[in-house]
Amino acid sequence: MDIIREKTVCFTGHRPEKLPSGGAEGAAETRIIKSLLYNEISAAADEGFDTFITGMQRGIDLWAGEIVLELAASRGLKLVAALPYRDFGKGFRDGDKWNFGRITDSAESVVIMSETYTPACMNLRNRYMVDNSARIIAVVGNERSGTGQTVRYAESCGLDIRRIDLCELFPDKDQLTLL
């Protein structure tokens, strides 16, 4: 599949355990985050973006992928699943495992950065997403993380950054959950 950078959005965000309420399904904070993700994805589609790249990590990446699939048929959206290495996701459990399989089965394409895990494969995946996108939707609470690193790289590449700032959204929450 050919990706047109000007029409492509990628995602970055924390895993569930690093989110308020541990990203628990049904928690008010999780519902708010998913709603804001939905709004950003829908707004991007309204603006002519038609391709979305998810890094397939538990939490924000899988949630975003599910939202894109939900909107895909009615909005003509395409989803690209970017895997850091071939067996990525093998250890996922329960709903994460089901969502991972559904997304990889339904994605327009699955891109694999490395056949096996390497110390650099996650960074390669993140750079691939940014290098092929014009916009990034970032759900971030801790800038000293892989998510923060991806946002900084996106800034250096001049991407349009749509930030969902968890510290701003949930100032009363114990910020240790965001580390």
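None of these values were measured; they are calculated from a predicted model. (Residues numbered from 1 in each chain as written. Predicted model: local features only at pLDDT ≥ 70, side-chain atom pairs only at ≥ 80, totals over all residues. Heavy atoms only, no water.)

### Details of the side chain of R125
Of note, R125 is situated in helix α4 (residues 121-131). The side chain of R125 sits in the buried core without any salt bridge; D61 is the nearest counter-charge, 4.6 Å away. If we skip the residues at most four places from it in the chain, R125 touches G55, A82, L83, P84, F88 and M113. (Helix = DSSP H or I, 4+ residues; strand = E, 2+ residues; numbered from the N terminus. Buried < 20%, exposed > 50% of the residue type's maximum accessible area, 1.4 Å probe, protein only. Lys, Arg positive; Asp, Glu negative; His and termini not counted. Salt bridge = Lys/Arg side-chain N within 4 Å of Asp/Glu carboxyl O. Contact = heavy atoms within 4.5 Å.)

### Brief notes about the layout of surface pockets
As a volume, the second largest pocket reaches approximately 170 Å³. Residue lining of the second largest pocket: P16, G23, E25, K34, L62, W63, E66, I67, D96 and N99, and that is the complete set. Taken together, the elements giving at least two residues each to the lining of the second largest pocket come down to α2 (60-75) and α3 (94-106). Here the lining of the second largest pocket gets four residues from one element, more than from any other, and that element is α2. Partitioned by chemical class, the residues of the lining of the second largest pocket number four nonpolar, two polar and four charged. (1 Å grid on protein atoms, 1.4 Å probe; cavity = no way out; pocket = protein on both sides within 12 Å on 5 of 7 lines; lining within 4 Å. Points joined across faces, edges and corners; volume = space filled by probe spheres on them. Nonpolar A, V, L, I, M, F, W, Y, C, P; charged D, E, K, R; others polar.)

### Section: the pairing of strand β2 (residues 51-54)
Side chains T51 and I53 project from β2 onto one buried face, and the interleaved F52 and T54 project onto a second face that is buried too. Note that strand β1 (residues 8-13) and β2 share three bridges and pair parallel. Directly across from C10, in β2, lies its bridge partner I53. Alignment of β2 against strand β3 (residues 78-83), held across four bridges, turns out to be parallel. Bridge pairing in β3 places T54 opposite A81. You can see the chain leave β2, run along α2 and come back into β3, and the turn it takes is right-handed. (Pairing = 2+ DSSP bridges. Right-handed = clockwise from strand over helix to strand, strands pointing away.)

### Description of the sheet that holds strand β5 (residues 135-140)
The parallel open sheet is built from six strands, whose spatial order is β4-β3-β2-β1-β5-β6. For this open sheet the edge positions go to β4 (109-112) and β6 (160-165), each flanked by a neighbour on one side alone. Going from strand to strand, the sheet's axes swing by 20° on average, the running direction of each strand aside. In the sheet, β3 pairs with β4 via four bridges, with the strands oriented parallel. (Axes fitted to C-alpha atoms, helices over the stretch in contact; angles between N-to-C directions.)

### Let's talk about the nonpolar core
Judged by nonpolar contacts, the single largest core of 36 residues is most densely connected at F11, I33, L37, I41, F52 and M56. For this core, the leading source of residues is α2, giving nine residues. Non-local contacts of F52, meaning those with residues more than four positions away in its chain, are made with V9, F11, I41, A44, A45, V68, L77, K78, L79 and V80. Core analysis: the second largest hydrophobic core is formed by eleven residues, I53, V130, I136 and A154 among them. (Core = buried A, V, L, I, M, F, W, Y, C linked by side-chain atoms within 4.5 Å.)

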